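Working through the structure, step by step
Read off the chains here:
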Amino acid sequence: MNAVRRGGLGLVAWLAGIVFFLPIAWMALTSFHSEEDAATNPPSFGAAFTLDGYREFFGMDGGASPWPSLINSTVASVSSTLLVLVLALPAAYALSIRPVKRWTDVLFFFLSTKMLPVVAGLLPIYLFARNTGLLDNIWLLVVLYTSMNLPIAVWMLQSFLSEVPTAVVEAAKVDGARLPTVLARVVAPMALPGIAATALICFIFSWNELLFARVLTGVVAETAPVFLTGFITSQGLFLAKVCAASLVISLPVLAAGFAAQDKLIQGLSLGAVK
């Protein structure tokens, strides 16, 4: 019975994986078709392959180059993720290993900041950026992405750090280690899978963010998702080149997830069972 149950769960897992993978496979296949073949209904699976969509995305046919936008997205995502980890780790340490009073209320307050619709804060942030001369500035996005991801990072890291034995921390303090040393050399290595999972999620959220980047940037600080929307027009065919651009822009997130998949699985399961 157990073998049958495990086989059934394995089959369900495979089916779920295929369902989630099919849109990506379809997008990849469409990106290698011409615009005429990509626009057919039903799709033409046996159509000839071409690299025209990728040539247009990379500006080989005289269009705009995507590299400034890709660099901006990389700077904003990596910088904000590092800032989130630097700020969230001490906060999570205080809420787990050295819990403050009513720490559950503190965590609820952190998550309550995510309940505000993003569009509700768009106008005040836009007016602030305009009056301070920060429009079309990549570092404004870094600050915004840091503030947006910090609550969820504190929540996740608190769950991960609660698994760290307090006896190890006490032993380090007895040996004379100060708080920065304890965090860097004791807590961080033991909670590395959880930190990696948190960093990956924050990186994905920052890389995929579109609303603030669309409104607050122009030419200098344009990010990859904003560049992608430029391929969508009200006239003409654009499906193949949008699929090509989407696939290229998704590659950094897919590569990061693949490289950190073992840490991600360990981290997500670390705080799952108390």
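A few words now on the overall build of the protein chain. Of regular secondary structure, the protein chain possesses 14 helices and zero strands. Counting all 274 residues of the protein chain, 36% fall into the buried class. Taking as baseline every contact in the protein chain between residues at least 6 positions apart, the subset at least 24 positions apart corresponds to 76%. Working note: accessible area of the protein chain is about 15,700 Å², and carbon and sulfur atoms make up 71% of it.

Attention now moves to the packing of helix 9 (residues 179-190) against helix 10 (residues 192-208). Contact geometry of helix 9 with helix 10 gives a least axis separation of 4 Å together with a crossing angle of 80°. The angle between helix 9 and helix 10 places the two elements in the roughly perpendicular class. On helix 10, the residues touching Ala188, Pro189 and Met190 of helix 9 are Leu192, Pro193 and Ile195. Here the residues of the contact of helix 9 with helix 10 are counted per class, giving six nonpolar, no polar and no charged.

In this structure, the largest pocket encloses a volume near 400 Å³. Around the largest pocket, the lining comprises 19 residues; the ones closest to its centre are Thr113, Leu116, Val118, Ser147 and Met148. If you list the elements that add at least two residues to the lining of the largest pocket, you get helix 5 (103-112), helix 7 (138-161) and helix 10. A total of six residues in the lining of the largest pocket trace back to one element, the largest contributor, which is helix 7. For the lining of the largest pocket, a count of residues per class yields 12 nonpolar, five polar and two charged. The computed volume of the second largest pocket comes to approximately 280 Å³. Residue lining of the second largest pocket: Phe20, Phe21, Ile24, Leu247, Leu251 and Leu254, and that is the complete set. At the level of secondary structure, the elements contributing two or more residues to the lining of the second largest pocket comprise helix 1 (2-31) and helix 13 (239-259). Its residues assigned to classes, the lining of the second largest pocket shows six nonpolar, no polar and no charged.

Among the secondary structure elements, Glu35 is positioned in helix 2 (residues 35-38). Of the side chains bearing the opposite charge, Lys241 lies closest to the buried Glu35, which forms no salt bridge; the N-O distance is 5.0 Å. There is a polar contact of 3.1 Å between the side chain of Glu35 and the backbone nitrogen of Lys241. Excluding residues that lie within four positions of it along the chain, Glu35 makes contacts with Leu237, Phe238, Leu239, Ala240 and Lys241.

Moving on to the confidence of the model for the protein chain. With 92% of its residues at a pLDDT of 70 or more, the protein chain shows a mean pLDDT of 85. Per-element averaging of pLDDT across the protein chain places helix 14 (residues 261-270) at the bottom with 61 and helix 11 (residues 211-216) at the top with 94.

Thresholds applied
Residues numbered from 1 in each chain as written. Predicted model: local features only at pLDDT ≥ 70, side-chain atom pairs only at ≥ 80, totals over all residues. Heavy atoms only, no water. Helix = DSSP H or I, 4+ residues; strand = E, 2+ residues; numbered from the N terminus. Buried < 20%, exposed > 50% of the residue type's maximum accessible area, 1.4 Å probe, protein only. Contact = heavy atoms within 4.5 Å. Areas by Shrake-Rupley, 256 points an atom, 1.4 Å probe, with all protein chains shown as cover. Axes fitted to C-alpha atoms, helices over the stretch in contact; angles between N-to-C directions. Parallel < 35°, antiparallel > 145°, perpendicular 65-115°, else oblique. Nonpolar A, V, L, I, M, F, W, Y, C, P; charged D, E, K, R; others polar. 1 Å grid on protein atoms, 1.4 Å probe; cavity = no way out; pocket = protein on both sides within 12 Å on 5 of 7 lines; lining within 4 Å. Points joined across faces, edges and corners; volume = space filled by probe spheres on them. Lys, Arg positive; Asp, Glu negative; His and termini not counted. Salt bridge = Lys/Arg side-chain N within 4 Å of Asp/Glu carboxyl O. Polar contact = N/O pair within 3.5 Å; in protein donor to acceptor, adjacent residues only side chain to side chain. pLDDT = per-residue confidence, 0-100.

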